[in-house]
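# What the coordinates show
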Amino acid sequence: MSYVDEVYDYVVEKNPAQPEFHQAVKEVLESLRVVIEKDEEKYRKEALLERIVTPERQILFRVPWVDDKGQVQVNNGFRVQFNSAIGPYKGGLRFHPSVNLGIIKFLGFEQIFKNSLTGLPIGGGKGGCDFDPKGKSDNEIMRFCQSFMTELYRHIGADTDVPAGDIGVGGREIGYLYGQYKRIRDVYEGVLTGKGLTYGGSLARTEATGYGLVYLTEELLKDHGTSLKGKTVVVSGAGNVAIYATQKAQQLGATVVSVSDSTGWIYDPEGIDVELLRDVKEVKRARLTEYANARKSAEYHEKKNGEHGVWNIKCDVALPCATQNELDLEDAKALVANGVTAVCEGANMPTTIEATEYLQKNNVLFVCGKAANAGGVATSALEMSQNSERLSWTFEEVDSKLQGIMANIYKSISEAAKEYGMEGNYVAGANIAGFKKVATAMEAQGVV
Ligand code: NDP
């Protein structure tokens, strides 16, 4: 049996009931087969793959808090410090009822390669909690965040592990988490990114993941002789990534005709009104029905069981920006039948393996999240640099660095794919390019 297959079986055996983690590992290992098989005995002897698929440290903790009625609630907190070969652990915190150890491990594993692709010195980690922020008061969110940090603080630090936001964790939550860290540790340091601008945050961090996704998509299209100008784009999600991807795509001349949330989706053929969307989602924290009520050209569709409405809309480019496995084989077939030319992932692993293969077989340009959404963590690393030098850079400075980073990522994933005879396979390119730097650093640092 080949070493790659042995390690995949090992992962499934050692990590039962973690299907998302198995899926993420499978995708990476399949891409690495060509690299590993060139020097299989060396890698096997070093147990390099067993080491890379095993987190350096996994922290599980209780998060007790008191709701507004005086009832004690208990949630499960997680931080997985996956790999620190090239820098301190870096990766977001997700607050969503679906969070469990397997989800955090899939996200942490992806983060290792994503962070490596940015070219910046950051290792891979991820964390979160099965807490549901929906419908909670600001005070409940604050008490929950304080309790979460009261445990997490002992495991993190500006040079050790630097969490950020993810689903359910935005500026408000980062503020409460930072306040509690500072209170307990009595140090003012860049221990979290995505901070507010008055206390060490970076301009353009809020926009970075969505903007970065669109910068990379534009690079991809440019390389294939076209651009976003005049294109029809379908976006899923209506959170941080979706909002700023929509804004940047429209600035570059595309028309974004959809957004979605967990209960329904909007079709707006005249193009999404980003300011209205921001008001509904960022200010009022309301459902998309409010967007439809305020805009004549918009249709609201309730999400029916198992249906992902936006993928049936005719478009040139699709940007999935909500959550994992939101685009399955049926959706991929609908997109291809409607003539899609490019799919770039804003979310982490939103496309199932079968859907990815179908899109690739049908010559759709496909870039996976670990490359396409790396602009968020890259700008977080820029926030860390600004915190270390106690300076803040202008929006233009950060945005132009972000554009350069996304262009470099596109270049390195397309070159890696070409080097291994898989031109145009950007999934393989991303996994190979991300892996090589981490593997070389791990080998240099010995058996640790
Ligand atoms: P937000 O919480 O801001 O938004 C998430 C959006 O996705 C919301 O519209 C939400 O709907 C929807 N959503 C979440 N879970 C589900 C679900 N189970 N089913 C259907 N819809 C769902 O998160 P972000 O925009 O920050 O993150 C979106 C994706 O991008 C995630 O995969 C995240 O890991 C990834 N990502 C984020 C980065 C960042 O910088 N924020 C960086 C890199 C990747 P509702 O409002 O109804 O909950």
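Calculation rules
Along each chain, residue indices are assigned from 1 in the same order as the chain's sequence is written. Reporting of local features is limited, given that this is a predicted model, to residues whose pLDDT is at least 70; pairs of side-chain atoms are given and counted only at 80 or more, and all residues count toward the totals for whole chains, interfaces and linings. Only hydrogens and water are set aside when side-chain values are computed; all heavy atoms of the structure are taken into account. Runs of E in the DSSP output that reach at least two residues are strands. Runs of H or I that reach at least four are helices, and both are numbered from the N terminus. For a helix, the expected span equals 1.5 Å multiplied by the residue count minus one. Burial classes follow relative accessibility: with a 1.4 Å probe on protein chains only, a residue under 20% of its type's maximum area counts as buried, one over 50% as exposed, and anything between as partly exposed. The arc in question is the one traced by the directions running from the helix axis out to the C-beta atoms. By convention in these notes, a residue is near a molecule or strand provided one of its non-hydrogen atoms lies within 4 Å of it. Between N or O atoms, a polar contact is any pair within 3.5 Å; within protein, one atom must be a potential hydrogen donor and the other a potential acceptor, and residues adjacent in sequence are included only when both atoms are from side chains. Every accessible area reported is derived by Shrake-Rupley at a probe size of 1.4 Å, with residue values counting cover from the shown protein chains alone. Under the scheme applied here, ten amino acids are nonpolar (Ala, Val, Leu, Ile, Met, Phe, Trp, Tyr, Cys and Pro), four are charged (Asp, Glu, Lys and Arg), and all others, including Gly, are polar. All the domain ranges listed were derived from an automatic or database domain assignment. Strands are treated as partners if at least two bridges between them are detected by DSSP. Axes here mean lines fitted to C-alpha atoms, for a helix over just the part in contact, with angles spanning 0 to 180 degrees between N-to-C directions. Contact between two residues is taken to exist if any of their heavy atoms lie within 4.5 Å; hydrogens are not considered. Note on handedness: a clockwise path from strand one over the helix to strand two, with the strands aimed away from the viewer, defines a right-handed crossover. Buried area adds together the accessible area that both of two parts lose upon being put together, with accessible area traced by a 1.4 Å probe. Take a side-chain nitrogen of Lys or Arg and a carboxyl oxygen of Asp or Glu: if they are within 4 Å of each other, that pair is a salt bridge. Note on terminology: a nonpolar core comprises buried Ala, Val, Leu, Ile, Met, Phe, Trp, Tyr and Cys residues joined through side-chain atoms within 4.5 Å.

Right, let's talk about helix H1 (residues 3–14) for a bit. In an α-helix, one turn spans 3.6 residues, which is why side chains three or four residues apart end up on the same side. Over its 12 residues, H1 runs 16 Å from end to end, which matches the ideal 16 Å to within 8%, given 1.5 Å per residue. All of the buried residues along H1 are Tyr-3, Val-4, Val-7 and Val-11. Angularly, the buried residues of H1 cover 100° about the axis, an arc narrow enough to put them on a single face.

Once that is clear, we can look at the site of the ligand. Lining the immediate surroundings of the ligand are 27 residues, of which Asp-166, Thr-209, Ser-262, Arg-287 and Asn-348 lie closest. Asp-166 places a side-chain nitrogen or oxygen 2.6 Å from an oxygen atom of the ligand. Within the backbone of Val-241, a nitrogen or oxygen atom sits 3.0 Å from an oxygen atom of the ligand. Here the ligand has 890 Å² of accessible area as a free molecule, and 84% of this is covered by the chains. Those elements giving two or more residues to the shell around the ligand turn out to be helix H8 (205–223) and helix H9 (240–251). A per-class count over the shell around the ligand returns 6 nonpolar, 12 polar and 9 charged. When we break the shell around the ligand down by domain, the ones giving at least three residues each are domain 2 (57–189) and domain 3 (207–372).

What follows deals with the sheet that holds strand E2 (residues 72–83). Reading across the sheet, the 5 strands line up as E1-E2-E4-E3-E5 and stay open at both edges, with mixed pairing between neighbours. A single partner strand is all that each edge strand has here, and the edge strands are strand E1 (57–66) and strand E5 (161–164). Recorded for the sheet is a direction-independent mean angle of 20° between the axes of neighbouring strands. Across the face of the sheet, helix H6 (residues 138–152) comes into contact with E1, E2, strand E3 (89–95), strand E4 (123–129) and E5 while running at roughly 145° to E1.

With that out of the way, let us pick up the pairing of E4. Most of E4 sits inside the fold, with 7 of its 7 residues counted as buried. Across the two faces of E4 the burial is the same, with Gly-123, Gly-125, Gly-127 and Cys-129 and Gly-124, Lys-126 and Gly-128 all buried. Sheet topology note: the E2/E4 ladder contains 6 bridges and is antiparallel. Across the sheet, residue Gln-81 finds its bridge partner in E4, namely Gly-125. Bridge count for E3 against E4 is 5 bridges, and the pairing is parallel. When the sheet's bridge partners are listed, Lys-90 is paired in E4 with Gly-124. Considered for its hand, the β-α-β crossover made up of E3, helix H5 (residues 101–117) and E4 is right-handed.

For the rest of this paragraph, the subject is the domain arrangement of the protein. As far as domains go, the protein holds domain 1 (3–52), domain 2 (57–189) and domain 3 (207–372). Each partner contributes to the interface: domain 1 provides 6 residues, whereas domain 3 provides 6 residues. The largest per-residue losses of area from domain 1 upon contact with domain 3 belong to Glu-20, Gln-23 and Glu-27, which jointly make up 81% of the total buried on that side. The interface formed by domain 1 and domain 3 contains 1 salt bridge. With a shortest N-O distance of 2.9 Å, Lys-370 and Glu-27 are connected by a salt bridge. The tally of links between domain 1 and domain 3 comes to 2 residue pairs in polar contact (both at pLDDT 80 or more).

Grouped together as the largest cluster of nonpolar side chains are 119 residues, with contacts concentrated most on Leu-49, Phe-109, Tyr-291, Leu-319, Val-367 and Phe-435. When residues of this core are assigned to their parent elements, the largest contribution, 11 residues, is made by helix H17 (residues 426–444). For Phe-435, the residues in contact, after removing those within four places along its chain, are Leu-32, Val-35, Ile-36, Tyr-43, Leu-48, Leu-49, Ile-52 and Phe-113. Grouped together as the second largest cluster of nonpolar side chains are 24 residues, Val-169, Tyr-181, Val-191 and Tyr-199 included.

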